[in-house]
Amino acid sequence: MKEMLELEEQSKEAWKLLVEYKKLYELGEYKEGAKKEKEYLKLRLDIVSQVDENVKRSKSTPIAIIKQKVKNKPKIKRISTGMLSLDRELVTEKMYKSQEIGGFGLGNFIQIAGSRGSGKTSILMKMLTGFSDTEKVFWADFEMGEDRVVEKLEAFKYNEKNILYYNSSRELGDIIDEIKFLSTLGVKHFVVDSAMKIRVKGIMDNVQRFSEISSTLSELTSTLKINIYLINQLSQGSEKDGTLSLKYGNDAEYDADFIFYIIKLAKMNGNKPVLDKFRQIVYEDDFRVVKCHKNRQDDRLFTVKIPKTEIFGISSAVEVEYKMDMPIC
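In what follows, the accompanying structure is described.

Definitions and cut-offs
- Residues numbered from 1 in each chain as written.
- Predicted model: local features only at pLDDT ≥ 70, side-chain atom pairs only at ≥ 80, totals over all residues.
- Heavy atoms only, no water.
- Phe/Tyr/Trp six-rings, centres within 6.5 Å; stacked < 30°, edge-to-face > 60°.
- Lys NZ or Arg CZ within 6 Å of the ring centre and 35° of its normal.
- Patch = residues over 30% accessible without salt bridge, like charges linked within 9 Å, V, L, I, M, F, W, Y side chains within 5 Å.
- Areas by Shrake-Rupley, 256 points an atom, 1.4 Å probe, with all protein chains shown as cover.
- Salt bridge = Lys/Arg side-chain N within 4 Å of Asp/Glu carboxyl O.
- Lys, Arg positive; Asp, Glu negative; His and termini not counted.
- Charge placed at Lys NZ, Arg CZ, Asp CG, Glu CD.
- Helix = DSSP H or I, 4+ residues; strand = E, 2+ residues; numbered from the N terminus.
- Contact = heavy atoms within 4.5 Å.
- Buried < 20%, exposed > 50% of the residue type's maximum accessible area, 1.4 Å probe, protein only.
- Pairing = 2+ DSSP bridges.
- Axes fitted to C-alpha atoms, helices over the stretch in contact; angles between N-to-C directions.

### Observations regarding the packing of aromatic side chains
Counted under the stated rule, the structure contains 16 aromatic pairs. Connected via pairs of aromatic rings, a cluster forms that spans Phe 104, Phe 131, Tyr 229, Phe 258, Phe 260 and Phe 302. Lying over the aromatic face of Tyr 254, Arg 296 brings its terminal NZ or CZ to 5.6 Å of the ring centre. Here Arg 300 stacks its cationic end above the ring of Tyr 96, 4.2 Å away from the centre of that ring.

### Quick notes on a negative patch on the surface
On the surface, Glu 13, Glu 29, Glu 32 and Glu 39 cluster together into a patch of negative charge. Structurally, Glu 39 can be placed in helix α2 (residues 30-57).

### Examining the side chain of Asn 162
Considering the arrangement of structural elements, one finds Asn 162 in the loop between α7 (146-153) and β4 (163-166). Not counting the four nearest positions on each side in its chain, Asn 162 is found in contact with Ser 132, Thr 134, Glu 135, Lys 136 and Val 137.

### Remarks on the pairing of strand β7 (residues 258-263)
Of all 6 residues in β7, 5 are buried; the element is thus mostly enclosed. In terms of strand pairing, strand β2 (residues 109-114) meets β7 through 5 bridges, oriented parallel. Bridged to Gln 111 within β7 is Ile 259. As paired elements, β7 and strand β10 (residues 287-295) share 6 bridges and run antiparallel to each other. The residue bridging Phe 260 from the neighbouring strand is Cys 292, located in β10.

### A closer look at the sheet that holds strand β3 (residues 137-141)
In space, the 8 strands of this open sheet follow the order β4-β3-β5-β6-β2-β7-β10-β11, with mixed pairing throughout. Strands at the two margins of the open sheet, each flanked by one partner only, are β4 and β11 (302-307). For this sheet, the mean angle separating the axes of adjacent strands, direction not counted, is 20°. Against the sheet, helix α8 (residues 172-183) touches β3, β4, β5 (189-193) and β6 (227-233), its axis set at about 160° to β4.

Okay, structure coming up:
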């Protein structure tokens, strides 16, 4: 506990240096800014190294300690997604029968996939802006860029002080270091858009690259007790024959605690899809279909329609406490 408090204080000092050196650069005081930046980078490196050491030391724990830890932890906090239709499904069977509202606990690697235009980013933005009501959220954006991000955020209610935006290095190692550093400041939710843009040094093969990305992110969620939400793509086979699987192999599916597929439904006229003037299928726009393909948290699989008003409407994220009825994997 003492070590964690010291680490948190160091992280706050590093964050202060970060703000200071950026401000100095803005004021044109480059020499003093460079000095502060060097202090920040040195302290940041030390913090990340300490996180790694803490993880190594905590890997092996006597089962007696684990049993006592579980016994003394009767309640789990879940944070809602801000979408009531989805939160009603993210529950245990007992909670579902009691019509309780749920959400995500911590320690989960969550992958969200779907075809182009299915609404993956909109649903993830609803989650992260909802989380920002009560806590800080990290958002690694490799798809839209600053101008589009600011424009798209206008459709949501959010606390701008709690969203930490990142569109710097796409190297997996750099992203991991950023996550480790911010986790010491109490950040628990990390959104990454998308897996396709992450690079891994020394690996060119896409199957191996995605395997490394998923296994590394999955390990982080369990060791740091954080949630990572990763946007992914459907496999080419999924696009062609309508099956649901993640792009580039089974490892990514194995590593995930949750897999959600966002599905587009065609508008129907009787038993035939509606076509536009170009003979292209017209898709439903009033709702999004979310299929939970994997759920290690509660072992519940489901398919739910989320009205567009729940995604773009204003509804705050809330924490829900309840007694643990089954172990969280």
